[in-house]
Amino acid sequence: MAVYYHPLYSRLALPQRHRFPITKYQLLKHAITELGFTDFIRPHKATNEQIQLCHTREYTERFISGQLTEKEIKKMGFPWSNQLLERTLYSVGASIQAAESALTTQLAVNLSGGYHHAYSTYGSGFCIFNDLAIAAAHLINTDQVSSVLIFDCDVHQGDGTAEICSAQEDVITCSIHCQQNFPRLKQQSDYDFAIDAGTTDDEYLNTLKSALDFCIRLHQPDIILYNAGADIYQGDELGHFDISLEGVYQRDLLILNTCRQHAIPIMCALGGGYQRDTQQLVTVHKQLFRAIVDLSPSLV
């Protein structure tokens, strides 16, 4: 299987005490080598044409040229820099290429991505361009697939994904998220499973299984793009769920196994996760790779 990674994922200079855990990507890359993942593919940058499948030309060009307003930069969550631009283009490019790779190998991972708060005309919540929406549109635009399911298990609703994909009948959006969490104003995905704060493993996993089985049965997607947010974990500082580490592992195992049973290719993006203890955060993200190894040791 292919794992896409670029050193710029963790090389973004941020202000002191900035909330985003930028070092987690490099630390996770090192951590999963202990599980046998040693072959990492460096992605190419996404092109303007690919980005504009989901974002307006005006927004795309103003971000790339560094012409966003202070209000837009604040909403985006990152100070603009050329380093941020490069990192963003590589992250989106990796999700596109990982999705294409999954069509051949059945499984691929981007050690970044899941930027689901990015809208067609602006960035939000640490998300600039919506990589999974772009990857889905690219696969359809290039006639590689006829239908895509974006299955979003980040604790926060994929509001930007819902907005971008609302007019795309071939892209099905399903978001399983905490009702009492960001964003305050939710968008309408094709399917929203809003779960209450404090939800524990059994209720969460039962909802997840029902949602995934329903989407596959009804839509029979050619590929699933999976946002594997680590912020469902009980120790996440921006999460509000009470999901154990084992619960995170069981979520990832369930999704991967379901895709294998139905012979549906799956591309996984890292998604969110917010803990000041970055090593613990990496441990939560690592559950996805534990599940891959336990389910398909030959892929490593």
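Residues numbered from 1 in each chain as written. Predicted model: local features only at pLDDT ≥ 70, side-chain atom pairs only at ≥ 80, totals over all residues. Heavy atoms only, no water.

The next thing to look at is unusual backbone geometry. The linkage connecting F182 with the following residue, P183, adopts the cis geometry, with an omega of 0°. Structurally, the position occupied by P183 is in the loop between β5 (171–178) and β6 (191–195). Positive phi, normally seen in glycine, also occurs at Q106, with a value near 80°. In this structure, Q106 sits in the loop between α5 (82–105) and β3 (107–110). For A263, which is not glycine, the phi dihedral falls at a positive 55°. Looking at where A263 falls in the secondary structure, it is placed in the loop between α9 (245–261) and β8 (266–269). By relative accessible area, which is 56% here, A263 ends up exposed. (Helix = DSSP H or I, 4+ residues; strand = E, 2+ residues; numbered from the N terminus. Buried < 20%, exposed > 50% of the residue type's maximum accessible area, 1.4 Å probe, protein only.)

In terms of residue burial, helix α6 (residues 131–141) counts as a mostly covered element, since 10 of its 11 residues are buried. The set of residues buried in α6 consists of D131, L132, A133, I134, A135, A136, A137, H138, L139 and I140. Looking one or two residues past α6, D143 carries a phi angle of roughly 60°, positive in sign.

We now examine the packing of helix α1 (residues 24–33) against helix α10 (residues 278–295). Interhelical geometry of α1 versus α10 gives an angle of 55° and a closest axis separation of 9 Å. Classified by the angle their axes make, α1 and α10 are oblique. The way α1 lies across α10 gives a crossing that is right-handed. In contact with K24, L27, L28, A31 and I32 of α1, α10 contributes T278, Q279, L281, V282, H285, K286 and F289. Per-class residue counts for the contact of α1 with α10 are seven nonpolar, three polar and two charged. (Axes fitted to C-alpha atoms, helices over the stretch in contact; angles between N-to-C directions. Parallel < 35°, antiparallel > 145°, perpendicular 65-115°, else oblique. Left-handed = near helix turned anticlockwise from the far one by under 90°. Contact = heavy atoms within 4.5 Å. Nonpolar A, V, L, I, M, F, W, Y, C, P; charged D, E, K, R; others polar.)

Attention now goes to the side chain of S112. Positionally, S112 belongs in the loop between β3 and α6. On the accessibility criterion, S112 (0% relative accessible area) is buried. Setting aside chain neighbours within four positions, we find S112 in contact with Y9, Y25, R87, S91, A269 and L270.

Turning next to the pattern of salt bridges. On inspection of all chains with the given rule, the structure shows nine salt bridges. Between R57 and E61 there is a salt bridge, and its shortest N-O distance comes to 2.9 Å. On the criterion of helical spacing, the pair formed by R57 and E61 is a turn pair, its members being four residues apart in helix α3 (residues 57–64). On the basis of relative accessibility, which here comes to 36%, the residue E61 falls in the partly exposed class. Sharing partners across several salt bridges, the network here consists of R19, E237 and R276. (Salt bridge = Lys/Arg side-chain N within 4 Å of Asp/Glu carboxyl O.)

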